[in-house]
Amino acid sequence: MSIRLTAALAFLLAAPPPSPAQAKAAEEKKDPLSAATFAGLELRGIGPALTSGRIIDLAVDPTRPSTWFVATAGGGVWKTTTAGTTWTPVFDAEGSYSIGCVTLDPNDPLVVWVGSGENNSQRSVSYGDGVYKSVDGGATWLNVGLKSSEHIGRIVIDPRDTNVVYVAAQGPLWNAGGDRGLYKTTDGGKTWIQSLKISENTGVSDVWMDPRNPDVLYATSYQRQRRVWTVVAGGPESAVYKSRDGGASWQKLEGGLP
């Protein structure tokens, strides 16, 4: 067989060149951080969901990262010590199954604060019966007041003093009044003062503390009221407020905000 014929047969028998898609796949296969490597990984639910409905809030113990508390819209408070592998309900014996927020004391993660009542405006929302506190990691609870707040959006704790706590209380959804506004305690929940009051129809949905200066606070007011036929969701009293003195006085922020 001639050299020329041998070369022609070799050319005919050779595999066709890879397509652009094949070439790209081969290149990705070589790269351990390529999209193909992670194609089989998907987000999966680790609970609790079936009986709890919406997940409202999550608090992680900074000293034990595998310990979390989860607040649910209709299933109380759940705790995991296995980073979500297993769950234990820790709020079933208390007066509310609807939860608005959960917060751990930055100085002592065994101190857990819970605001009951999901802060939502829909018809199916359930209400709560105030603020709860645990000093043993959720084993036992004490209702420390604001029982007519019904819907609590957030709780923040002064990192300098574990007894100074702020509660953003939205107030009743279907009625005016109640414990509505921003509340502050300086004795760990034994007594409360209303730090920011807007009106009987407008509560405070959220509060944030400046991490550089805990005396600087930001609070959002939300005017809302539910009726069978309609809902007021964001009236003219909705606004953002700022305090520079730990909630003793407040300034309504304007200029550019809707």
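Scroll up for the structure.
Draft legend 1. Structural view of the sheet that holds strand β10 (residues 165–169). Reading across the sheet, the four strands line up as β9-β10-β11-β12 and stay open at both edges, with antiparallel pairing between neighbours. The open sheet has two edge strands, β9 (152–157) and β12 (193–196), and neither has a second partner. For this sheet, the mean angle separating the axes of adjacent strands, direction not counted, is 30 degrees. Here three bridges tie strand β11 (residues 181–185) to β12, and the two strands are oriented antiparallel to one another. Directly across from tyrosine 183, in β12, lies its bridge partner glutamine 194.

Draft legend 2. Spatial organisation of the sheet that holds strand β1 (residues 55–60). Ordered in space as β1-β2-β3-β4, the four strands form an open sheet in which the pairing is antiparallel. Edge positions in the sheet fall to β1 and β4 (88–89), since each has one partner strand and no second. Judged from the four bridges that link them, strand β2 (residues 68–72) and strand β3 (residues 77–80) form a sheet pairing that is antiparallel. What sits directly across from alanine 71, in β3, is valine 77.

Draft legend 3. Summary view of the environment of aspartate 210. Tracing the backbone shows aspartate 210 in strand β13 (residues 202–210). Classification of aspartate 210 as buried rests on a relative accessible area of 11%. Spatially, the C-alpha atoms of aspartate 210 and arginine 244 are 9.8 Å apart, while their sequence positions differ by 34 residues.

Draft legend 4. Up close: a nonpolar patch on the surface. Taken together, Leu33, Phe38 and Leu41 make up a surface patch of nonpolar side chains, about 360 Å² in accessible area. Relative to the helices and strands, phenylalanine 38 resides in the loop between α2 (20–30) and β1. Residue phenylalanine 38 is classed as partly exposed on the basis of its relative accessible area of 41%.

Draft legend 5. Here's a closer look at the packing of aromatic side chains. Per the counting criterion, the structure on display carries four aromatic pairs. Look at tryptophan 68 and tryptophan 87: their rings are 6.1 Å apart centre to centre, the planes differ by 65 degrees, and that puts the pair in the edge-to-face class. Here tryptophan 68, found in strand β2, pairs with tryptophan 87, found in the loop between β3 and β4; they are 19 residues apart in sequence, far enough to count as distant. With a relative accessible area of 19%, tryptophan 87 lands in the buried category. A centroid spacing of 5.1 Å and a plane angle of 80 degrees characterise the contact between phenylalanine 91 and tryptophan 141, whose relative ring orientation is edge-to-face. Of the two residues, phenylalanine 91 sits in the loop between β4 and β5 (99–105) while tryptophan 141 sits in the loop between β7 (131–134) and β8 (142–145), which places them 50 residues apart along the sequence. As far as the burial class goes, phenylalanine 91 and tryptophan 141 line up, both buried. In this structure an aromatic cluster arises from ring pairing among Phe91, Tyr132 and Trp141. In this arrangement the basic side chain of arginine 154 is found over the ring face of tryptophan 208, its NZ or CZ atom lying 3.6 Å from the centre.

Draft legend 6. The pairing of strand β14 (residues 213–226), seen in detail. Pairing geometry for β13 and β14, over eight bridges, is antiparallel. Bridging from a neighbouring strand, aspartate 206 pairs with threonine 220 of β14. Here β13 hands over to β14 after two residues, the two strands then running antiparallel side by side. The pairing of β14 with strand β16 (residues 239–243) spans five bridges and is antiparallel. Bridge pairing in β16 links tyrosine 218 to lysine 242. For β14 and strand β15 (residues 231–233), the ladder comprises three bridges, and the chain directions are antiparallel. Across the sheet, residue glutamine 225 finds its bridge partner in β15, namely valine 232.

Thresholds, definitions, all that
Position labels on residues start from 1 in each chain and follow its written sequence. Per-residue local features of the predicted model are confined to residues with pLDDT of at least 70, and side-chain atom pairs are confined, for both listing and counting, to 80 or more; whole-chain, interface and lining totals are unaffected and use all residues. Where side-chain values are given, they derive from all heavy atoms of the structure, hydrogens and water being excluded. Strands are labelled as partners when DSSP assigns at least two bridges between them. Strands here mean DSSP runs of E at least two residues long; helices mean DSSP runs of H or I at least four residues long; both are numbered from the N terminus. Orientation is described by lines fitted to C-alpha atoms, with helices fitted over the stretch in contact, and by angles between N-to-C directions that extend from 0 to 180 degrees. Only protein chains enter the accessibility calculation, which uses a 1.4 Å probe; a residue is then buried when its area is under 20% of its type maximum, exposed when over 50%, and partly exposed in between. Residues qualify for a patch when their relative accessible area is over 30% and they have no salt bridge, like charges being joined within 9 Å and the nonpolar side chains of Val, Leu, Ile, Met, Phe, Trp and Tyr within 5 Å. Each accessible area is a Shrake-Rupley estimate made with a 1.4 Å probe; only the visible protein chains count as cover when residues are assessed. What counts as a salt bridge is simple: a side-chain nitrogen of Lys or Arg found within 4 Å of a carboxyl oxygen of Asp or Glu. The aromatic pairing rule takes the rings of Phe, Tyr and Trp, using the six-membered ring of Trp, and pairs them if the centres are within 6.5 Å, calling planes under 30 degrees apart stacked, those over 60 edge-to-face and the rest tilted. Placement of a charge over a ring requires the Lys NZ or Arg CZ to be within 6 Å of the ring centre, with the centre-to-atom vector within 35 degrees of the ring normal.

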